[in-house]
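Structural overview
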Amino acid sequence: MWLKTVGIKNFRTIENLQFALNEKANVIVGPNAIGKTTLLEAIRLTKATLAPRTMSESQQALMSLGAISPHNPTRLNIGALARDTSRPVEIDLTVQLTPAEITTLDALIPQLAVNLVRGMVGGAITPGPLGLVQYLSSAAGNIALTQADAQVKQELPAIKVAAELRLALNIDPSASTIRGLKMLDQTIFLVLESILPVHQALFSYFPADRALPPGDVSIQIGGPDIAAQLESHNSQPQTKFHRLKPTIINSFLLNGGTNDVLRSDFETIFTNVLKDRSLQSLSVNEFGNLSIQISEPSTGRVFDIDGMSSGEKGLILTFLLIGRSICDGGIILIDEPELHLNPAVCKSILPFLIDTYLAPNHVQALICSHSPEILGAAFDRADCTLLHLQSPTIMSPIYSEDKREVFEALRRLGTSASDVLFSAGNIFVEGPHDSDILTAGFEAVVGRYNITHLGGRETVEREIRTLQAAERRSEVDTMNCFIF
């Protein structure tokens, strides 16, 4: 499945936004405090409240927004959710189903009916599966199940024809209530995710809060780790970034205790994004801690993965989780993937994400970013929708011919890096006559490059040394050419 349209009214900083998405990559750019994270939180909250996979997902999502207190979870703080507390909050998501999901629905009718009863009865039964068993064993439960089965069979054909689900969330400030408007639609979403293996997810949120824990962490396997993994997708998404070593160990164990698949995953990431690195070994060191050794072929250095930067470790974890945890047809939300990363790495993130994970596995990504490098990469991709969030009411798509819109987006991001985004590289020459000669003789080629007059051999040589040092540190990766 994938998100087709999003509508948000009166949610936190957002007044009224309506926009469409594509089934692969969608990049939303805009300055700080404009509402990019709020937009992702609106989608996350709608999924968490209408189709929670775990028992705590709804409560944790509301708690993270300050809408409820852990000390008084029955009282709703409307002011934490509504821009205007006199009006309702409305979030409306249209979800496109895949042909495989549509084919599955008929076989799921019994589960849909049971979950429909669970949703309708709600707090009237004891929480947990035993409470539901007791209710369904009663006369009232039998009647409710029969009615739910009839409702599913009546409404399901229209849903299959439309191939769409509608997750519509309404928060009423006057009654302090949160409710969904399409009960069967949200039940279908819930069931499609609940039938997945426990180590896979249909929906996952990667927040900008990527605080990696210092030192070693406790590593568990089996039930406790599965519970932590499920909660990390949406209930407590910030805990994803406590799971670097548990994720590596789980990948190791799920593949028969060999490094082959794990090594392949690392090599894919190191070859395409974090270059000049290689997975060396996986072991327990003399202090009893898990040691993941990384080698750097260019220098011959071998070091523990804990020696990598937080940005590098966060990126490795993000890609490992997307590759190993998100099921075919899943949806991921990523907030500010560029955090703690240099521009050269940022420039390669989006193409790598699309080509390696999204396209082969039919996964959709919604990415919010301040990065001009990610903006430029999105602008160059026909399979990526680029959206400019300009205000609480204006979200404008940027098309391939809209360079003016891109330049405005860059200006609002506080950058003047537009010359790097729309050229193949830089050509540095001594003076204006050199550029005239190049343009006259090689106009078709040179037109794709930025020509900079440095004004003298000494200046050119100094610029060469500066760029060479930056390239060694992987801070630039554009093609640079010097002509004397």
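Since the model is a prediction, treat every value here as computed from it, not as a measurement. (Residues numbered from 1 in each chain as written. Predicted model: local features only at pLDDT ≥ 70, side-chain atom pairs only at ≥ 80, totals over all residues. Heavy atoms only, no water.)

Over the atoms rolls a probe the size of a water molecule, and its path tells where empty space is left. On inspection of all chains with the given rule, the structure shows three cavities of 30 Å³ or more. In this structure, the largest cavity spans a volume of roughly 140 Å³. Lining the largest cavity are 15 residues; nearest its centre among them are R210, G314, L315, T318 and P337. For the lining of the largest cavity, the elements supplying multiple residues, two or more each, are α11 (310-325) and α12 (343-361). The dominant element in the lining of the largest cavity, judged by the number of residues it contributes, is α11, at six residues. A class-by-class count of the residues in the lining of the largest cavity yields nine nonpolar, five polar and one charged. Reported here for the second largest cavity is a volume of approximately 50 Å³. (1 Å grid on protein atoms, 1.4 Å probe; cavity = no way out; pocket = protein on both sides within 12 Å on 5 of 7 lines; lining within 4 Å. Points joined across faces, edges and corners; volume = space filled by probe spheres on them. Helix = DSSP H or I, 4+ residues; strand = E, 2+ residues; numbered from the N terminus. Nonpolar A, V, L, I, M, F, W, Y, C, P; charged D, E, K, R; others polar.)

For the rest of this paragraph, the subject is the sheet that holds strand β5 (residues 164-172). Strand order in the open sheet made by the five strands is β2-β1-β4-β5-β6, with antiparallel pairing throughout. Of all the strands in the sheet, the pair left with one neighbour each is β2 (14-20) and β6 (177-180). Sheet twist, expressed as the mean angle between neighbouring strand axes with direction ignored, is 10°. Taken together, the six bridges between strand β1 (residues 2-11) and β2 define a ladder with antiparallel strand orientation. When the bridges of β2 are listed, V6 appears paired with F19. (Pairing = 2+ DSSP bridges. Axes fitted to C-alpha atoms, helices over the stretch in contact; angles between N-to-C directions.)

To continue, consider the pattern of salt bridges. Applying the stated criterion across every chain yields a total of 16 salt bridges. Note that K153 and D149 form a salt bridge whose closest N and O atoms lie 3.0 Å from each other. Residue K153 and its partner D149 are both found in helix α6 (residues 139-162); the two are separated by four residues, about one turn of the helix. The exposure class of D149 is partly exposed, given its relative accessible area of 24%. Between D355 and R381 there is a salt bridge; the shortest N-O distance is 2.8 Å. Placement of D355 in helix α12 and of R381 in the loop between α13 (372-379) and β13 (384-391) is noted, with a sequence separation of 26 residues between them. (Salt bridge = Lys/Arg side-chain N within 4 Å of Asp/Glu carboxyl O. Buried < 20%, exposed > 50% of the residue type's maximum accessible area, 1.4 Å probe, protein only.)

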